[in-house]
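A closer look at the structure
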Amino acid sequence: MHVEGNAASTGGHVPVMLERVLELLAPALAGPSPVVVDANLGLGGHSEALLAAHPALHLIGIDRDPFAIDFSTRRLAPYAERVTLVHASSDEMTSVLARAGHPVVDGVLFDLGVSSPQLDEGERGFAYSYDAPLDMRMDTEQSLTAEEVVNTYSAAELTRILRDYGEERFAPRVAGLIVKERAKEAITSTKRLAEIVRAAIPAATRRTGGNPAKRTFQALRIEVNAELAALEAALPASLDALTLGGRVVVLSYHSLEDRLTKQVLAARTRDTSPPGLPVPLPAHQPRFRLLTRGAELPTDEELARNPRAASARLRAAERIRVDED
């Protein structure tokens, strides 16, 4: 959740882990005409701070939510000549950069999850705290909605999504009750879905751990927006696009995103030389190094200021070697 206050104002919340993001990206943006990609633009808070901190910086902002593009166009208007905003999914990274004329960049920021306006606008259907149509599309121009998933996926498919994306241990029970209830009448509202989930989960479990619908809503959001698939494609593409000394910073908000980020970065920072060689082989040397030890967490001070940052995990890496053609 790139959480930065509500749609009506850019004030209030500071973007998640802003100072650390700026600190990690700064060395990569010290050249004469640096280029940075904000792969999940959201409300543009990180982008605004990067543009303010680096007067020569050109920023390419990508978001699949048309609202985010409109909002950030207004917010970043003072820097308009240094900004390229693109309505696209982050997994289109390579083609977006090619079209923008910057196939090689100095920095990339991923701020994953859902932005505040998506959560705060009840009618978008992301939140179980409002009664709204079951939508959950980040890109409002795509066809697949949460309502379609809930009413057409098989019990087995629903179980897999709830287990894999929501880490819901009662996934078969929730999926079973969804299938039973939708046979009576299509499930079209967030309120009814939340009630069904609640009924499916044993009472003893319901008494702990917050709203029982939280995991189901997360799972549906990831499925509707193919979020993990997008990250799986976008993160390696962003690493390929980095120049020598270029850096990537990833802010994730649930363990699935963080695990995927960890795996991708680990693969790129590992020496693959066969054991026992007297001299390391350049072809097997890692192209990247980790800039963070494990996943960094928000400070207590930040959590006091922005409680929605609680689930944030930050990882970063730097390109240290470029393949010779």
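Cut-offs used in this document
- Residues numbered from 1 in each chain as written.
- Predicted model: local features only at pLDDT ≥ 70, side-chain atom pairs only at ≥ 80, totals over all residues.
- Heavy atoms only, no water.
- Helix = DSSP H or I, 4+ residues; strand = E, 2+ residues; numbered from the N terminus.
- Contact = heavy atoms within 4.5 Å.
- Areas by Shrake-Rupley, 256 points an atom, 1.4 Å probe, with all protein chains shown as cover.
- Pairing = 2+ DSSP bridges.
- Axes fitted to C-alpha atoms, helices over the stretch in contact; angles between N-to-C directions.
- Core = buried A, V, L, I, M, F, W, Y, C linked by side-chain atoms within 4.5 Å.
- Buried < 20%, exposed > 50% of the residue type's maximum accessible area, 1.4 Å probe, protein only.
- Expected span 1.5 Å × (residues − 1).
- Salt bridge = Lys/Arg side-chain N within 4 Å of Asp/Glu carboxyl O.
- pLDDT = per-residue confidence, 0-100.
- Parallel < 35°, antiparallel > 145°, perpendicular 65-115°, else oblique.

**Notes on the overall build of the protein chain**
Counting its secondary structure elements, the protein chain contains 14 helices and seven strands. Here the contacts in the protein chain between residues at least 6 apart in sequence split such that 70% fall between residues at least 24 apart. Working note: accessible area of the protein chain is about 14,500 Å², and carbon and sulfur atoms make up 53% of it.

**Side note on unusual backbone geometry**
A positive phi angle, close to 50 degrees, is found at Met17, a residue other than glycine. Inspection of the secondary structure assignment puts Met17 in the segment before α1 (18-25). Positive phi is not limited to glycine here, since Glu167 has a value of about 50 degrees.

**Regarding the sheet that holds strand β4 (residues 105-111)**
Overall, mixed pairing links the seven strands, which are arranged β3-β2-β1-β4-β5-β7-β6 in an open sheet. Looking at which strands have only one partner, the edges of the open sheet turn out to be β3 (83-87) and β6 (288-290). Averaged over all pairs of adjacent strands, the angle between their axes in this sheet comes to 15 degrees, without regard to strand direction. Across four bridges, the pairing between strand β1 (residues 35-38) and strand β2 (residues 58-63) is parallel. The residue of β2 that forms the bridge with Val35 is His58. On top of the sheet, helix α12 (residues 227-241) reaches β4, β5 (242-252), β6 and β7 (313-319); it is set at about 155 degrees to β5, its chief contact.

**Considerations on the side chain of Gln285**
Note that Gln285 resides in the loop between α13 (255-268) and β6. Each residue touching Gln285, except ones within four places of it in the same chain, is listed here: Asp271, Ser273, Pro280 and Arg321.

**A look at the nonpolar core**
Grouped together as the largest cluster of nonpolar side chains are 58 residues, with contacts concentrated most on Met93, Phe110, Leu193 and Val248. Ranked by residue count, the leading element in this core is α12, at seven residues. Excluding residues within four positions of it along the chain, Met93 makes contact with Val37, Ala39, Ile62, Val108, Phe110, Ala234, Ala237 and Ser238. Among the nonpolar cores identified, the runner-up in size contains 23 residues, and Val36, Leu50, Val249 and Tyr253 belong to it.

**Considerations on the pairing of β7**
By the criterion of burial, β7 is predominantly enclosed, with six of the seven residues buried. Examined bridge by bridge, β6 and β7 share three bridges and lie antiparallel to one another. Within β7, the residue paired with Leu290 across the bridge is Ala317.

**Section: α12**
Its 15 residues give α12 an end-to-end C-alpha distance of 21 Å, which sits within 8% of 21 Å, the value for a rise of 1.5 Å per residue. Here α12 has its buried residues at Glu227, Leu228, Ala230, Leu231, Ala234, Leu235, Ala237, Ser238, Leu239 and Ala241.

**Thoughts on the pattern of salt bridges**
With the rule as written, the count across this model stands at 15 salt bridges. Residues Glu167 and Arg259 are paired through a salt bridge, measuring 3.5 Å at the closest nitrogen-oxygen approach. Pair noted here: Glu167 is in the loop between α7 (155-166) and α8 (171-184) and Arg259 is in helix α13, with a separation of 92 residues, a long-range link. Owing to a relative accessible area of 40%, Glu167 belongs among the partly exposed residues under this scheme.

**Some details on the confidence of the model for the protein chain**
Residues shown with low pLDDT carry predicted positions that ought not to be read at fine detail. Confidence in the prediction of the protein chain, expressed as mean pLDDT, is 86, and 88% of residues score 70 or more. Put simply, helix α5 (residues 116-120) is where the protein chain has its lowest mean pLDDT, 48, and β1 is where it has its highest, 98. Across residues 1-12 the pLDDT falls below 50, and counting only partners more than four positions away or on other chains, this stretch makes 46 contacts in the model. Low pLDDT, under 50, characterises residues 116-120; the predicted model gives this stretch 22 contacts beyond four residues in sequence or across chains.

**What to know about the packing of α7 against helix α11 (residues 214-225)**
At a minimum axis distance of 8 Å, the contact between α7 and α11 shows a crossing angle of 100 degrees. Relative to α11, the element α7 lies roughly perpendicular. On α11, the residues that touch Arg160, Ile161, Leu162, Tyr165 and Gly166 of α7 are Arg215, Thr216, Gln218, Ala219, Ile222 and Glu223.

**Considering α13**
With 14 residues, α13 extends 20 Å between its outermost C-alpha atoms, agreeing within 8% with the 20 Å of an ideal straight helix rising 1.5 Å per residue. Among the residues of α13, Leu256, Glu257, Asp258, Leu260, Thr261, Val264 and Leu265 are the ones counted as buried. Here the buried face of α13 lies against α7, α11, α12, β5, β6 and β7.

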